[in-house]
Amino acid sequence: MSDKNSKKNNQPELKRGLKSRHIAMISLGGTIGTGLFLASGASIAQAGPGGALVAYAVIGIMVYFLMTSLGEMAAFMPTSGSFSTYATKFVDPAFGFAMGWNYWYNWAITIAAEISAVSLIMKYWFPDSSSALWTVLFIIVVLTFNLLSVRAYGESEYWFAMIKVMTVIVFIIVSFLMIFGILRGHDPIGFENFFVGDAPFNGGFLAIFGIFLAAGFSFQGTELLGITAGETDDPGKNIPKAVRSVFWRILLFYILAILAIGLLIPYTDSRLLSEDIAVSPFTLVFDKLGIAFAASVMNAIILTAMLSAGNSGLYASSRMLWQLAVDGKAPKVFAKLSKRGIPVYALIATLAVGCLAFLSSFFGDGVVYMWLLNASGLSGFIAWVGIAISHYRFRKAYLLQGNDINLLPYKARFYPFGPLFALIVCIIVIVGQNYTAFSFGSIDWYGVAVSYIGIPLFIALWLGYKIKHKTKIVPLEECDIETHR
């Protein structure tokens, strides 16, 4: 939200403390985590190295279109409500309400997942230590970074992301030196593993389709770029810059890393299916190089990824809750800001929900916790659907109301193909994420419920608000393209 509008409406003001380097690293770091460090191995094992590359490339292209769509709206209309605000303005207030609460819930539950994971990571080094100790330390660290100032959050996330980026760069360089036999003591590996057995494609189209969801989860976090727009210095300049630079780095990192793993480790290696850090594909490659303590090094980097995810999750969800409160779609107490421009009550409420979700993992064999996690599983894809729809209607409304397309700070390429392609792919992935529940003669109703619980929750939010407030789809000529500019 711009200072001009916040003063005019007497609304609280966030501080524009994020620089170009911050938002670039926040978007970049948001996508480099356990999806690349751990899940990439399972993707290669299931679909072969070629199948994994195809799946990640298709999802990567879709994410590029989404980033350009979000970048066009965020550069023109920077607000921490991001796609929730855009959905309210350009689609339907009820749709915006559901989008905001869906995204807030997604990150609040993600915080709970990171709390659980950090304890497991630390027990790798300290097997007899107390989980409660690491849980409390994790909470203190991420809360402190978020409470200090938006600049403190930006700096912490910048360095968290930098560690991950440097790890991937070193991994890619070392891997290709090994592949071509440039490193002393290593014969050229070449493309032998890439074509072993049924490779490069194992399991056909359905195997590749099964990787789409994993690839999508890996890329989730790029939409943080939209959330940061409300606290970005000179968003008209810095948002387009981030969009242009970040995507290609992400795609190159993922494609080159997966290609390197596929060349160095045959997809038939059972260790690729393990979730143990000691046999992460990155660890296996560093071990092959002869690096001592490779597992410990990767464990430390994955710990950094967990801290980064918790840090970003708390930031994104608290800003979304703050904007919902400012817009009258959440209790007003969450609209209050500290002197440093931090939505303290929104931060504390979000962290409290994450902690409660984490505590639920200790009761009833963690059944409640697993349902909560599954309910949040589709939230990122639903947010992406909302971005695509909002951008499609934003551009139409912008032109219909007599505006010059060349005056946009950033113009998304390939419109309208981009948002429509992203919309179709997201819907296909959402609907088909657990197609196996329908493919064996009888329907696995429990599997269906667990996998798709996020959809009825979103629809309930949408229709509940729609019925209560009698909202309608906003006509294009009435879409508000001035407020929040």
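Residues numbered from 1 in each chain as written. Predicted model: local features only at pLDDT ≥ 70, side-chain atom pairs only at ≥ 80, totals over all residues. Heavy atoms only, no water.

Visitor: How do you make sense of the packing of helix α6 (residues 131-148) against helix α12 (residues 294-326) when you look at a structure like this?
Guide: Close contact between α6 and α12 brings their axes to 9 Å; oriented N to C, the two are set at 50 degrees. Comparing the axis directions of α6 and α12 gives the class oblique. The element α6 and its partner α12 pack so that their crossing is right-handed. Between α6 and α12, the contacting residues are Phe138, Val141, Val142, Leu143, Phe145 and Asn146 on the first element and Met306, Leu307, Gly310, Asn311, Leu314, Tyr315 and Arg319 on the second. Among the residues forming the contact of α6 with α12, the class breakdown is nine nonpolar, three polar and one charged. (Axes fitted to C-alpha atoms, helices over the stretch in contact; angles between N-to-C directions. Helix = DSSP H or I, 4+ residues; strand = E, 2+ residues; numbered from the N terminus. Parallel < 35°, antiparallel > 145°, perpendicular 65-115°, else oblique. Left-handed = near helix turned anticlockwise from the far one by under 90°. Contact = heavy atoms within 4.5 Å. Nonpolar A, V, L, I, M, F, W, Y, C, P; charged D, E, K, R; others polar.)

Visitor: How should the pattern of salt bridges be read in this particular structure?
Guide: Overall, the coordinates contain seven salt bridges when judged by the stated rule. Salt-bridge contacts for Lys89 lead to Asp480; the nearest nitrogen and oxygen are separated by 3.0 Å. Highlighted residues: Lys89 in helix α4 (residues 82-90) and Asp480 in the segment after α18 (454-469), separated in sequence by 391 residues. A residue is classified by how much of its surface remains accessible, and Lys89, at 8% relative accessible area, is buried. Here Asp269 ties to Arg271 by a salt bridge, and the two come within 2.8 Å at their closest N and O atoms. By relative accessible area, Asp269 is classed as buried at 16%. (Salt bridge = Lys/Arg side-chain N within 4 Å of Asp/Glu carboxyl O. Buried < 20%, exposed > 50% of the residue type's maximum accessible area, 1.4 Å probe, protein only.)

Visitor: Even after reading the chapter, I still don't get the packing of aromatic side chains, so can you show me in this structure?
Guide: The geometry of two aromatic rings is summed up by the distance between their centres and the angle between their planes. Going through the model one piece at a time under the given rule, you end up with 35 aromatic pairs. Summarising the aromatic geometry, the rings of Tyr103 and Trp107 are spaced 6.4 Å apart at their centres and angled 80 degrees between planes, so their arrangement reads as edge-to-face. Of this pair, Tyr103 and Trp107 both sit in helix α5 (residues 93-125), four residues apart, which is roughly one turn of that helix. With a relative accessible area of 9%, Trp107 lands in the buried category. Aromatic side chains Tyr153 and Tyr315 sit 4.2 Å apart centroid to centroid with 5 degrees between the ring planes, which places their arrangement in the stacked category. Pair noted here: Tyr153 is in helix α7 (residues 150-179) and Tyr315 is in helix α12, with a separation of 162 residues, a long-range link. Across the pair, Tyr315 and Tyr153 agree in class, each one buried. In textbook terms, an aromatic cluster arises when at least three aromatic residues are bridged by ring pairs, as seen for Tyr64, Phe65, Phe414, Phe417 and Phe421. (Phe/Tyr/Trp six-rings, centres within 6.5 Å; stacked < 30°, edge-to-face > 60°.)

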